[in-house]
Protein chains: 2
Amino acid sequence: MKIAVDAAGGDYAPQAIVKGAIKAAQDYKDTEVVLVGKKSILTMLAGPYMRKTKNISIVDADEVIEDHEPPVKAVQTKLNSSIVVGTNLVRDGEAAGFVSAGSSGAVAVAALLNLGLAEGAIRPAIGSFINITPPYPVFLIDAGANAECRPEHLVWFARLGNLYVREILGLRAPRIGLLSNGQEDTKGNKLVKDTHKLLRDTSLNFIGNIEGHDILKRAAEVIVTDGFTGNIVLKTIEGICDSWLYAFTQAGQRMAKAYRLQMKSLHEDMDMSAWTKRLDYREYGGACLLGVKGTIIIAHGRSQAKAINNAIRLAHQTAEHNIAEKIKEESSER
Amino acid sequence: MKIAVDAAGGDYAPQAIVKGAIKAAQDYKDTEVVLVGKKSILTMLAGPYMRKTKNISIVDADEVIEDHEPPVKAVQTKLNSSIVVGTNLVRDGEAAGFVSAGSSGAVAVAALLNLGLAEGAIRPAIGSFINITPPYPVFLIDAGANAECRPEHLVWFARLGNLYVREILGLRAPRIGLLSNGQEDTKGNKLVKDTHKLLRDTSLNFIGNIEGHDILKRAAEVIVTDGFTGNIVLKTIEGICDSWLYAFTQAGQRMAKAYRLQMKSLHEDMDMSAWTKRLDYREYGGACLLGVKGTIIIAHGRSQAKAINNAIRLAHQTAEHNIAEKIKEESSER
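Residues numbered from 1 in each chain as written. Chains lettered and ligands numbered in written order. Predicted model: local features only at pLDDT ≥ 70, side-chain atom pairs only at ≥ 80, totals over all residues. Heavy atoms only, no water.

Turning our eyes to something else, we now look at the overall build of chain A. Assigned secondary structure in chain A consists of twelve helices and eleven strands. For a compact globule of 334 residues, the expected C-alpha radius of gyration is about 20 Å, and chain A comes in at 20 Å, within 12% of that figure. The C-alpha extent of chain A, read off along each of the three principal axes, is 60 × 60 × 35 Å. Restricting the contact set of chain A to residue pairs at least 6 apart, pairs at least 24 apart contribute 71%. With the model as given, the accessible surface of chain A reaches about 13400 Å², and the carbon-plus-sulfur share is 49%. For chain A, the separation between the mean place of its 40 positive charges and that of its 38 negative charges on side chains is 4 Å. (Helix = DSSP H or I, 4+ residues; strand = E, 2+ residues; numbered from the N terminus. Rg over C-alpha atoms; globule rule 2.2 N^0.38 Å. Contact = heavy atoms within 4.5 Å. Areas by Shrake-Rupley, 256 points an atom, 1.4 Å probe, with all protein chains shown as cover. Lys, Arg positive; Asp, Glu negative; His and termini not counted. Charge placed at Lys NZ, Arg CZ, Asp CG, Glu CD.)

Our focus in this paragraph is helix α11 (residues 305-320) of chain B. Residue and element names in this part refer to chain B. The end-to-end C-alpha distance of α11 is 23 Å, a good match for the 22 Å that 16 residues give at a rise of 1.5 Å each. Taking burial as the measure, the 16 residues of α11 include twelve buried ones, the bulk of the element. Among the residues making up α11, those that are buried are Ala 305, Ala 307, Ile 308, Asn 309, Asn 310, Ala 311, Ile 312, Leu 314, Ala 315, His 316, Thr 318 and Ala 319. Within two residues after α11, Asn 322 carries a phi angle of roughly 55 degrees, on the positive side. (Expected span 1.5 Å × (residues − 1). Buried < 20%, exposed > 50% of the residue type's maximum accessible area, 1.4 Å probe, protein only.)

All right, on to the pairing of strand β5 (residues 125-130) of chain A then. All names here are of chain A. Burial analysis of β5 places six of its six residues in the buried class, which makes it a mostly covered element. Burial of the side chains of β5 extends over both faces: Ala 125, Gly 127 and Phe 129 are buried on one face and Ile 126, Ser 128 and Ile 130 on the other. Bridge analysis of β5 against strand β6 (residues 138-141) gives four bridges, and the strand direction is antiparallel. Bridging across to β6, Gly 127 finds its partner in Ile 141. (Pairing = 2+ DSSP bridges.)

Residues with a pLDDT of 70 or more make up 91% of chain A, whose mean pLDDT is 90. On the interface metric, ipTM, the complex scores 0.90, and its pTM is 0.91. (pLDDT = per-residue confidence, 0-100.)

Moving on, we get to unusual backbone geometry. All names here are of chain A. The residue after Ala 13, namely Pro 14, is reached through a cis peptide bond having omega -5 degrees. Along the chain, Pro 14 turns up in the loop between β1 (2-6) and α1 (15-27). The phi dihedral of Arg 218 falls on the positive side, at around 50 degrees, and the residue is not glycine. Here Arg 218 shows up in the loop between β8 (206-210) and β9 (222-224).

Moving on, we come to the pattern of salt bridges. Residues and elements named next belong to chain A. Using the criterion set out here, one finds 28 salt bridges over all chains in the structure. In this structure, Arg 166 engages Glu 167 in a salt bridge whose closest nitrogen and oxygen atoms are separated by 3.6 Å. We classify Glu 167 as buried; its relative accessible area is 17%. Here the residues in one salt-bridge network are Glu 119, Glu 325 and Lys 328, joined through shared partners. (Salt bridge = Lys/Arg side-chain N within 4 Å of Asp/Glu carboxyl O.)

Turning to the packing of helix α6 (residues 151-169) of chain A against helix α7 (residues 190-200) of chain A, a few remarks are in order. The description of two helices packed together rests on the angle between their axes and the distance between the axes. Residues and elements named next belong to chain A. α7 packs onto α6 with a crossing angle of 55 degrees between their chain directions and a minimal axis gap of 8 Å. Accordingly, the angle class assigned to the pair α6 and α7 is oblique. Once α6 is placed against α7, the crossing between them reads as right-handed. Facing Pro 151, Glu 152, Leu 154, Val 155 and Ala 158 of α6, the residues of α7 in contact are Leu 191, Asp 194, Thr 195, Leu 198 and Leu 199. Tallied by class, residues from the contact of α6 with α7 come to seven nonpolar, one polar and two charged. (Axes fitted to C-alpha atoms, helices over the stretch in contact; angles between N-to-C directions. Parallel < 35°, antiparallel > 145°, perpendicular 65-115°, else oblique. Left-handed = near helix turned anticlockwise from the far one by under 90°. Nonpolar A, V, L, I, M, F, W, Y, C, P; charged D, E, K, R; others polar.)

Within the element layout of this structure, A:His316 appears in helix α11 (residues 305-320). Once residues within four sequence positions are removed from consideration, A:His316 is found in contact with A:Met1, A:Ile3, A:Asp30 and A:Thr31.

Residue and element names in this part refer to chain B. The side-chain alternation of strand β7 (residues 176-179) yields two buried faces, one formed by Ile 176 and Leu 178 and the other by Gly 177 and Leu 179. Where the polypeptide runs from β7 across helix α7 (residues 190-200) and back to strand β8 (residues 206-210), its parallel neighbour, the crossover connection is right-handed. Where β7 lies against strand β9 (residues 222-224), three bridges are found, and the strand directions are parallel. Among the inter-strand pairings, Gly 177 is bridged to a residue of β9, identified as Ile 223. (Right-handed = clockwise from strand over helix to strand, strands pointing away.)

Note on sheets: strands pair through backbone hydrogen bonds, and any given pair is parallel or antiparallel. Residue and element names in this part refer to chain A. Across the sheet, eleven strands lie side by side as β3-β2-β1-β4-β11-β10-β5-β6-β9-β7-β8; this open sheet has mixed pairing. Only two strands of the sheet have a single partner each, and these edge strands are β3 (56-60) and β8. Across the sheet, the axes of successive neighbouring strands diverge by a mean angle of 25 degrees, strand direction being ignored. Relative to strand β11 (residues 295-298), strand β4 (residues 97-100) is paired through four bridges, and the arrangement is parallel.

Take the state of the cysteines next. One pass over the structure, following the stated rule, counts zero disulfides over all chains. The thiol of A:Cys288 is unpaired, and the distance to the nearest cysteine sulfur, on A:Cys149, comes to 17 Å. Note on A:Cys288: relative accessible area 1%, which makes it buried. Here B:Cys241 is not disulfide-linked; the sulfur of A:Cys241 is the nearest cysteine sulfur, at 11 Å. Among the residues examined, B:Cys241 registers a relative accessible area of 1% and is labelled buried. (Disulfide = S-S within 2.5 Å.)

A few words on the domain arrangement of chain A. Residue and element names in this part refer to chain A. By the assigned domains, chain A splits into domain 1 (1-118 + 291-303) and domain 2 (122-285). Counting residues at the interface gives eight residues for domain 1 and ten residues for domain 2. For the domain 1 and domain 2 pair, buried surface summed over both sides reaches about 700 Å², with 60% attributable to carbon and sulfur atoms. Broken down residue by residue, the surface that domain 1 buries against domain 2 is led by Gly 291, His 300 and Arg 302, which jointly contribute 53%. Summed over the shared surface of domain 1 and domain 2, the result is zero salt bridges. Counting across the interface, domain 1 meets domain 2 through one residue pair in polar contact (both at pLDDT 80 or more). For the side of domain 1 that touches domain 2, the class distribution of residues is five nonpolar, two polar and one charged. (Domains from an automatic or database assignment. Buried area = accessible area lost by both parts, 1.4 Å probe. Polar contact = N/O pair within 3.5 Å; in protein donor to acceptor, adjacent residues only side chain to side chain.)

Moving on, we come to the packing of helix α4 (residues 82-91) of chain B against helix α5 (residues 104-115) of chain B. Residue and element names in this part refer to chain B. The geometry of α4 relative to α5 is characterised by a closest axis approach of 9 Å and an angle of 40 degrees between their N-to-C directions. The pairing of α4 with α5 is recorded here as oblique in orientation. Two packed elements cross with a definite hand, and for α4 against α5 that hand is right-handed. On α5, the residues touching Ile 83, Val 84, Thr 87, Asn 88, Val 90 and Arg 91 of α4 are Ala 106, Val 107, Ala 110, Ala 111, Asn 114 and Leu 115. Of the residues belonging to the contact of α4 with α5, the class tally is eight nonpolar, three polar and one charged.

Structure representation (structure tokens):
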């Protein structure tokens, strides 16, 4: 299965992207990684590995869409940008999925314009795994595609989340929670109160409202919210993880110095890798743009190699489960 | 200065409340703590200290409003409840402020009905310090009083937050940030976009939109948001702090065992008390119900003695700065 990767997008492109892509090609033998970007640079970076690792290839795209560019205009004019070329590989069936850590706005626009909405989909939504809740992550939807929503949109996000988590995590009937400012049915803004009533009438495993502190308790596997709130909550969690990961590493170093320990043995004794894995949201590697015709993974702008590697794996899983096709079935069952 | 404390409210009432109140009476000699609750029980709990510590007294209130009771009805019928009695002490000038860890809905209703809106106030709002951003906390407003808001309400919250942080933290012109799903002026739901334009035209030190990950970076001292989003963000942060405080303590114990260290020396070497202080949101002790005629501090339902002690200190500071009177001046300046 071919997964295209935007080698030009993200804060650490192209080096970290290429590094993560090579690692993915080595780790997952059934994935062929297609690097999309400036051919000359990519040949230089990936060339030595391409001789040894057969499942890497390059598709040339010599333009780059920058984060600050207005997405619609950029997608319509930079036809040879890595984002547009990568999306078109999916449209034309030349790749089963596309991973980009570039401008998420441009990726979403390119997906909508070039792939279109999946049949039966009302709106696209960004679903993001939050992976600090062992043994498995919770899924937040919408994590930022729709700042303004109506109740029927949130019900649709619940259906999408249910479908995705069922397929990817293999849970039969994921618990669906509606993010609110109180557990009682009567709590929430108007949008949430109206959505609550609609969700009660679905066949979903809707467990009612959940609150902010329930997210990390894994009170529900799918957390439904509008894209405004979802984006803020996700970034708040990321912000805390970032600052504590830094502080935690520092504390470990202080500790190692105080007791003349090797950082390596300290890591093992304190089980620090499990800690940093939990704190490092990049571990999961990407959010899925659900509801479009094709597999699109939006990786974090600050993605390093590991995050890209994980995002490629997620793209592979998503494409394998044929989510876009199942959205069609899901919508016809309603 | 007298500060009334609801000895019947909260998960650990009355023991933890009384303990925190006694500590506050010992710590702050200029504060007289008035315990509000069942006299017989409070006499038993606080009696031994009242002989030594002169600045504690008891006011009898033999009813309790439970968390699950509908606030308006409870406040209107349980006239001898600790929440109603405590609020009335403020109304009647017999206490300068009231601290409660009981039903926050009932406290807000009692304050609105018995004290009324401060002159010039549009709406009450809950302002909460988030104290994990040394050297000083950030202030989130509204943290939950108004689930449904209009742009003029958010501008009002910005004014309230500006005033409160200026007075309590002594900052001349606190930076005001509007919580959104992107930094650009064009990002946000309709409420935020409209608020953004209005805030631009005020004399406040408005720095524009801030995102979730900016909260802990202290990108702004005052974070303005609607009560729905604010409540979810605050509880998300609390949830993370809770689970990591627990995990962090466990890691410390594992460490101590592995290296045969005393937990005490480990604490000192890793500077763990600074850590747990940062992680423990209860450290600050309470949120302020701003915009009512009088000082009302809403403490966390799970408040232990330390949180109550801190909440009493915050009530004292708030009353000392005469915030309700300054709201009147603020509103006349607009």
